[in-house]
Amino acid sequence: MLAYTLRRIAQLIPVLLVLSVAVFSFVEALPGSIVDTLVGTEGGDIEEARAILTKEYGLDRPVHERYVLWLGRALQFDFGKSLVTRRPISTELLSRIPATVYLAAVGIVISLLIAVPLGTFAAVRRNSAVDYTAQVTSLAGISIPEFWFAILCVLLFSLYLGWLPSSGYVSPFEDFWGSLQFLILPAAAIGFRQAAFTTRLTRSSMLDELSKEYVDTARALGHSERKVIFKYTLRNAMIPTITISGLQLANLLGGTVVLESIFAWPGIGRAIFEAILQRDYPLIQAGVLVLGCIVVVMNLLVDLTYRLLNPRVTFA
Amino acid sequence: MSELKADKLVDGTLAWRAPPPPLVRRIATTISNVWYELRKSRTASIGAVMLVLLFGACIGTPWLATHDPIKQNYRERLQPPSEKHLLGTDRMGRDIYSRLLYGGRRLVTIAVVAVTLSLVVGVPFGVLTGYFGGLADTIGMRIVDGLLAFPGLLLYLLFVTVAQAWKFEGVMLDVVLVGALALAGMPEKARLARGSVLAEKQKEYVEASRAVGDSPARIALSQILPNILSPLIVTATVRLGFVILIVAALSFLGLGTPPPTPDWGSDLSAARDYMETHPLIAAFPGLAICYTVLAFNLFGDGLRDILDPRLAER
Amino acid sequence: MTDEANKKGPESTRREFLTATTALAGAALAGLPGSAEAEPKRNPKRGGTLRFGTRDDSIALDTHRNIIYFVSHPLTGITGGLVDFDDKMQPKPAVAESWDASSDLMTWTFKLRRGAEYHNGQTIDAESVKWNIERIKDPKISHAFTRSVLSDVERVTVDDKHTIRFHLKEAHAALDINLIYYPVNLMAPGAVDTADTHPVNCGPFKFKSWRRLDVCELVRFENFWETDSEGNSLPYLDALVGRPKKEDRVRLTALRTGELDLIDNVAYADAPAFKKDHGRTFDTWNVPQVGTAMMFFNVKNGLLSEKDNPDAHLLRQAIAHAVDHEGIHQAVFNGIGEISKGFYSSASPWHSKDIEGWPKFDPDKAKALRKKAKGGDEKFTIIANDTFPYMQQSGELVHAMLKDAGFNAVLEILPSPVMLEKQNKGDYNIDSTANSYRLDPDGWYGRNILSTAPENRRRIGYKNEKADQIILAARKERDQAKRRLMYADVETLVNRDLPMLYTHFVPLMMAGNRARVKGFNVSYSGPWSYTGAGMRRTWIEG
């Protein structure tokens with residue numbers, strides 16, 4: 001297991017290298033230049049200003065040189081300054097990433113709270129009305145565009161009912177209860193959608209477990225159905241559900257852009273999106289790289305956990 | 001035994017192998033099985049009916065549409081459904097019904113082509129790396145992992161933005177979108193294909209082919225590939241629905257095809273301004289997206305039950 | 001919006017735009033229906049926090065390096081300068097108590113207010129103002145747009161602690177006005193090191209914290225120089241919290257649910273219904289002309305340029321005949337505001353009725369001219385900036401109208417950096433754009449019509465000797481009525497030559513919670529540099 005873990009960690013290095021090259025090339029290929037937008041078009045001394053900025057930002061050096069320089073600094077967690085705000089990028093990331101993690105994590109928790117009972121019940125009462133309802137609802141949940149769903153929620157809960165604020169963000173470290181108010185709608189929008197996946201997954205892994213021999217044995221031994229389900233099968237069936245939720249969480253970090261803009265949530269996805277529109281090169285590069293690291297590390301952790309919980313998987 | 005035939009002598013021994021099942025026949029069989037099975041799976045049959053209607057509408061668009069989808073007429077803007085405009089008109093006075101038809105035709109085409117392309121690129125990639133293993137596998141999979149590490153929508157965002165530099169317009173813009181979607185969908189297919197190949201590689205028929213000296217590429221592509229098609233078809237179907245949602249999200253963020261091209265995502269996004277005063281304008285494209293994604297999901301779901309016998313028992 | 005629209009990121013774009021925004025706000029407001037209705041007079045109260053939702057946000061904190069978009073950047077609250085406006089759009093004393101120009105308009109002398117301070121307690125003296133002007137003139141530091149205001153300034157000298165003198169290269173009749181319109185704001189020289197992280201300026205509010213596109217917190221500057229008529233120090237508010245929310249709908253919803261007290265940019269689609277359904281609980285303030293929307297034709301090169309196509313003028317006429325202004329008025333602006341035949345709307349002192357308009361909407365004539373003209377079947381490109389909905393929508397509509405007339409047109413909606421590149425390279429034929437309102441008309445004609453102006457050369461390439469002569473002569477004309485007629489002649493030439501097609505004046509509506517927000521009003525530069533009203537005299541009730 002240890003050898004396997006070490007090997008997997010070693011494999012992350014080339015993956016991250018590929019990612020860094022990919023993001024650097026994409027940024028390099030973006031049309032339009034930040035220097036043009038920063039120097040403006042009037043003032044008579046545009047050319048001079050442009051030359052000064054180009055030099056200051058090091059954009060006059062060849063691409064490969066810039067890449068090596070950037071990578072070297074990134075390895076020391078020095079991402080430089082935003083070309084637009086001139087503030088350190090690490091500060092920017094440190095304020096944005098927690099907001100997105102908070103949103104995504106609570107979204108996943110909501111999805112589990114919905115999906116686990118619903119999926120379990122659907123599996124236990126297979127082909128019952130509950131089962132069909134669960135299946136149809138979850139299919140419908142996957143099929144609704146999240147931004148549409150979110151806007152409808154805002155119309156209903158904020159505007160017509162007036163129960164919740166329509167947008168905004170308060171840090172949970174400053175005011176935990178206050179932050180929940182703002183969190184509920186976007187997190188629920190994520191939660192319902194993710195629940196649609198998770199319900200199906202829970203149902204099928206539950207069915208998988210229920211068809212196994214140990215269940216029959218347990219029943220034959222006279223254990224109550226309740227005990228069989230909650231004590232034995234559910235625990236095993238949870239393994240894939242939890243691990244997939246981990247993967248979903250990682251993927252959500254960059255996937256909440258749309259909800260972040262609807263709910264004016266100051267997350268990392270929207271920060272990167274704005275940086276792309278503005279051509280704030282170092283912010284895009286650092287943002288994608290850091291998120292990428294989180295994603296691959298999460299994937300690895302999920303993988304390792306899965307193997308720990310489920311020793312039948314061989315260490316191939 | 002009658003199905004086996006002596007193919008050639010290798011080192012003086014008779015090597016046996018299964019006749020390579022012709023791809024066409026396999027697919028034909030699969031399809032006929034599917035039709036047969038469809039009647040058993042309620043979800044699949046509902047999905048199939050919905051899809052037939054959808055594709056029918058896409059193919060029949062030029063005949064079904066009542067107006068030019070990009071013809072504006074501000075004198076008739078924001079009208080409720082009527083005999084002349086079946087679903088009313090939008091903020092520019094364009095016929096919503098006709099825009100839905102043309103937008104759907106475009107969107108479904110983009111999704112189908114993109115997913116097909118990601119299969120065409122991703123599957124051989126996965127099959128070959130999986131089959132050969134070793135260095136090719138390591139390099140190939142690291143590339144795939146690198147692309148997968150782009151979180152969420154960011155890969156699309158970057159790709160579509162970069163594409164603005166290329167002087168594309170009209171249909172070519174859709175082609176770029178298709179390229180981005182295919183590129184982003186490729187790793188998933190490659191991984192899936194590779195996983196299946198690793199499992200399939202150990203089986204006897206592969207051993208047999210290898211024994212008779214078929215080239216590895218031939219074995220991988222003509223023997224193994226057909227055997228791992230089922231999970232790929234299922235994934236691809238579900239992926240179609242997903243791709244449609246991505247295109248809609250990109251349009252929502254303003255990175256879709258520019259107006260006046262009919263596009264469900266950007267039509268929906270533009271209709272947000274009128275959500276309270278004219279809710280129907282936003283409702284129609286939203287419902288159209290839901291319908292289409294649901295159709296693909298229902299069908300894919302049913303298909304999974306049918307093609308995966310282990311699940312089908314349930 | 002406007003030309004500036006394409007200068008800096010999306011934000012800067014707007015900023016300028018709106019700088020103008022409130023263009024005539026003030027003036028217009030005076031007699032504008034729909035403006036906040038008169039209420040029984042109440043006494044202002046000190047204290048309270050105003051929550052202001054904006055469409056836009058500043059892109060960074062250094063107010064010299066970045067343009068502050070007056071109307072839509074909460075950060076504007078920290079800025080202050082030598083001069084302010086009143087509701088008639090006349091320059092009024094701010095940090096400068098009085099000023100004077102030499103008779104040849106080559107030297108301007110400003111007397112500074114005694115006792116005015118920067119947020120860190122530093123005194124605003126002539127040396128510090130000089131330092132500011134020099135910092136803004138430094139191409140290594142300042143934004144080109146702000147710098148351009150001072151391009152005629154040769155040098156600045158200090159007469160004594162409270163007197164500063166601007167020596168110009170060329171006579172300039174509107175230096176004082178431009179110092180406000182173009183935000184030449186003052187920051188404390190002693191705090192320059194923290195300009196990017198914690199700016200120290202001299203406006204009515206002090207900087208507290210900022211998270212871009214999320215929140216901008218400002219607190220009252222206790223030593224601000226202004227007092228009300230009863231001698232109470234201004235501003236009344238204790239704090240101002242800016243909440244940028246890009247989506248118009250999100251912002252409006254937040255106002256209606258009580259999360260915000262005041263918002264800018266109510267979407268045109270929402271404005272009429274909002275006023276009708278919620279007029280009892282919310283006040284609205286209209287700015288009749290934030291700017292002017294238009295189609296720029298690229299006459300530098302390509303199909304619509306005489307240089308590359310002898311029939312270019314015929315083609316531009318065909319395009320003008322194909323455009324139905326009423327359609328833009330309805331479909332883009334939802335029937336709000338006015339169609340424009342020149343740069344200044346009827347709310348402006350520079351508006352003129354003596355303008356010969358553009359070619360009338362006549363699809364048949366458009367088709368005939370197109371067929372006749374060389375290059376009428378060739379493909380041409382319409383570009384529009386992705387930041388302002390009305391620019392996109394006007395582009396979309398004009399595209400559809402041209403298609404109707406048989407033109408082979410394509411539309412591209414692009415972010416600012418790409419727009420800028422295309423404009424510089426002349427890689428477009430029509431640019432659906434807008435320009436912010438300029439207080440002094442030379443700011444428009446002298447920058448966009450005059451053939452030697454860099455902005456005209458960069459984007460349009462228009463050259464008409466007669467127009468040039470009039471514009472140059474108008475610069476020296478001190479009689480406003482005569483000057484207005486001169487510019488009307490320029491507009492007539494523009495509408496004949498068609499280097500651009502004016503389409504519509506850009507209106508803007510702000511809205512606020514009537515029960516809470518009192519005393520608020522908007523002016524030319526938004527609620528900020530506004531003597532006697534605006535944010536400084538706003539208070540919160542309840």
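This next bit is on the overall build of chain B. What chain B contains, in helices and strands, is 12 helices and two strands. Listing the helices and strands of chain B from first to last along the sequence gives β-β-α-α-α-α-α-α-α-α-α-α-α-α. Counting over 314 residues, chain B shows a buried share of 51%.

Before going further, it helps to spend a moment on the overall build of chain C. A count of helices and strands for chain C gives 16 helices and 18 strands. Relative to a compact globule of 542 residues, whose C-alpha radius of gyration would be 24 Å, chain C shows 23 Å and is just as compact. If you line up chain C on its principal axes, its C-alpha atoms span 70 × 55 × 40 Å. Residues classed as buried in chain C amount to 62% of the 542 residues present. For chain C, contacts bridging at least 24 residues in sequence account for 72% of all contacts bridging at least 6.

Next up on the list: the nonpolar core. Residues and elements named next belong to chain B. Core analysis: the biggest nonpolar cluster contains 333 residues, and Y156, V243, I244 and A249 have the highest contact counts within it. No other element matches the 17 residues that helix α3 (residues 96-132) contributes to this core. Not counting chain neighbours up to four residues away, the residues in contact with V243 comprise A111, A114, V115 and L181.

Relative to strand β10 (residues 239-244) of chain C, strand β1 (residues 49-54) of chain C runs parallel, the two sharing six bridges. If you follow F52 of chain C over to β10 of chain C, its bridge partner there is G242 of chain C.

Time to look at the interface of chain B and chain A. Taken together, the contacts link 34 residues of chain B with 36 residues of chain A. Among the elements of the structure, α4 (134-148), α5 (154-163), α9 (229-252) and α11 (279-307) of chain B are those that each provide at least two residues to the side of chain B that touches chain A. At eight residues, α11 of chain B tops the list of elements feeding residues into the side of chain B that touches chain A. For the side of chain B that touches chain A, the per-class residue count stands at 22 nonpolar, seven polar and five charged.

Counting all residues, the mean pLDDT for chain B is 79, and 88% of those residues have values of 70 or more. Low pLDDT, under 50, characterises residues 1-16 of chain B; the predicted model gives this stretch 19 contacts beyond four residues in sequence or across chains.

When two helices pack together, you describe them by how their axes are tilted relative to each other and by the distance separating the axes. Residue and element names in this part refer to chain B. In contact at an axis separation of 11 Å, helix α6 (residues 171-201) and α9 are set at 150 degrees when each is read in the N-to-C sense. Between α6 and α9, the angle falls in the class roughly antiparallel. The way α6 lies across α9 gives a crossing that is right-handed. Only P231, L232, T235, R239, V243, I246 and V247 of α9 make contact with α6, whose side of the interface consists of L177, L181, G185, K189, L192, A193 and S196. Residues that form the contact of α6 with α9 fall into these classes: nine nonpolar, three polar and two charged.

The rules behind each value
Residues numbered from 1 in each chain as written. Chains lettered and ligands numbered in written order. Predicted model: local features only at pLDDT ≥ 70, side-chain atom pairs only at ≥ 80, totals over all residues. Helix = DSSP H or I, 4+ residues; strand = E, 2+ residues; numbered from the N terminus. Buried ≥ 20, exposed ≤ 12 C-beta atoms within 10 Å, placed from the backbone. Rg over C-alpha atoms; globule rule 2.2 N^0.38 Å. Contact = placed C-beta atoms within 7 Å. Core = buried A, V, L, I, M, F, W, Y, C linked by C-beta atoms within 7 Å. Pairing = 2+ DSSP bridges. Nonpolar A, V, L, I, M, F, W, Y, C, P; charged D, E, K, R; others polar. pLDDT = per-residue confidence, 0-100. Axes fitted to C-alpha atoms, helices over the stretch in contact; angles between N-to-C directions. Parallel < 35°, antiparallel > 145°, perpendicular 65-115°, else oblique. Left-handed = near helix turned anticlockwise from the far one by under 90°.

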